[in-house]
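Spelled out, the chains give:
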Amino acid sequence: MCTTKGEEHQAAKTGVQRLGDKPYFGGDTFGYVDVALVPFYCYFGAYETHGNLSMEAECPKLVAWAKRCVLRESVSRSLPDQKKLMERISYFRKRLGLEL
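Let me sum up the structure you'll find in this document. Not measured: the values here are computed from a predicted model.

Not every positive phi belongs to a glycine, and Asn52 is a case in point at roughly 50°. Looking at where Asn52 falls in the secondary structure, it is placed in the loop between helix 3 (44–50) and helix 4 (55–58). Residue Asn52 is classed as exposed on the basis of its relative accessible area, which comes to 65%.

The structure is reproduced here in structure tokens:
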């Protein structure tokens, strides 16, 4: 979503808005799908900054899921530094000509 524009950007935006009513993707317990997808939580700030998307407003279930996952010590310790990640994303966007 951070490296697209137009229709492709809108399709990516719509894709992140889906999540069921259970606490985790696999249901009531933290599982493999959660482990695979929780690193994308790190990109929520970039989605808001560069994707013209309010994660809390447009994807409340996804944000709630991410917050539940981050409460797990094993998850919170494994996520990268948000500031460094945003710097890296801005750098790549400039290289791709998506911002000045």
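Right, let's get into the nonpolar core. Within soluble globular proteins, side chains that are nonpolar tend to cluster in buried spots. In this structure, Val38, Phe44, Tyr47, Met55, Leu62, Trp65 and Cys69 are the most contacted members of the largest nonpolar core, which totals 18 residues. Among the secondary structure elements, those contributing two or more residues to this core are helix 3, helix 5 (60–70) and helix 7 (82–95). Per element, the largest residue contribution to this core is five residues, and it comes from helix 5.

Time to look at helix 7. With 14 residues, helix 7 extends 20 Å between its outermost C-alpha atoms, agreeing within 8% with the 20 Å of an ideal straight helix rising 1.5 Å per residue. Here the buried face of helix 7 lies against helix 3. N-capping of helix 7 is provided by Asp81, with a side-chain oxygen placed 3.1 Å from the backbone N of Lys83. Directly after helix 7, the chain includes Gly97, whose backbone phi takes a positive value near 75°.

Glancing now at a nonpolar patch on the surface. Among the surface-exposed residues, Phe25, Val33, Leu37, Phe40 and Tyr43 lie close enough to one another that they form a single nonpolar patch of about 390 Å² accessible area. Here Phe25 lies in the loop between helix 1 (6–15) and helix 2 (32–37).

Turning next to the pattern of salt bridges. In the structure shown here, the tally under the stated rule is one salt bridge. The shortest N-O distance in the salt bridge between Lys67 and Glu56 comes to 3.5 Å. On the criterion of sequence distance, the pair formed by Lys67 in helix 5 and Glu56 in helix 4 is long-range, its members being eleven residues apart. Exposure remark for Glu56: the relative accessible area of 45% places this residue in the partly exposed category.

For the structure on display, the rule yields seven aromatic pairs. Consider the rings of Tyr41 and Phe44, whose centres lie 5.2 Å apart with planes at 70°: the pair is edge-to-face. Taken together, a centroid distance of 6.1 Å and an interplanar angle of 35° make the contact between Phe44 and Tyr47 tilted. Note that Phe44 and Tyr47 are positioned in helix 3 at a spacing of three residues, about one turn of the helix.

So, how was this worked out
Residues numbered from 1 in each chain as written. Predicted model: local features only at pLDDT ≥ 70, side-chain atom pairs only at ≥ 80, totals over all residues. Heavy atoms only, no water. Helix = DSSP H or I, 4+ residues; strand = E, 2+ residues; numbered from the N terminus. Buried < 20%, exposed > 50% of the residue type's maximum accessible area, 1.4 Å probe, protein only. Core = buried A, V, L, I, M, F, W, Y, C linked by side-chain atoms within 4.5 Å. Expected span 1.5 Å × (residues − 1). Contact = heavy atoms within 4.5 Å. Polar contact = N/O pair within 3.5 Å; in protein donor to acceptor, adjacent residues only side chain to side chain. Patch = residues over 30% accessible without salt bridge, like charges linked within 9 Å, V, L, I, M, F, W, Y side chains within 5 Å. Areas by Shrake-Rupley, 256 points an atom, 1.4 Å probe, with all protein chains shown as cover. Salt bridge = Lys/Arg side-chain N within 4 Å of Asp/Glu carboxyl O. Phe/Tyr/Trp six-rings, centres within 6.5 Å; stacked < 30°, edge-to-face > 60°.

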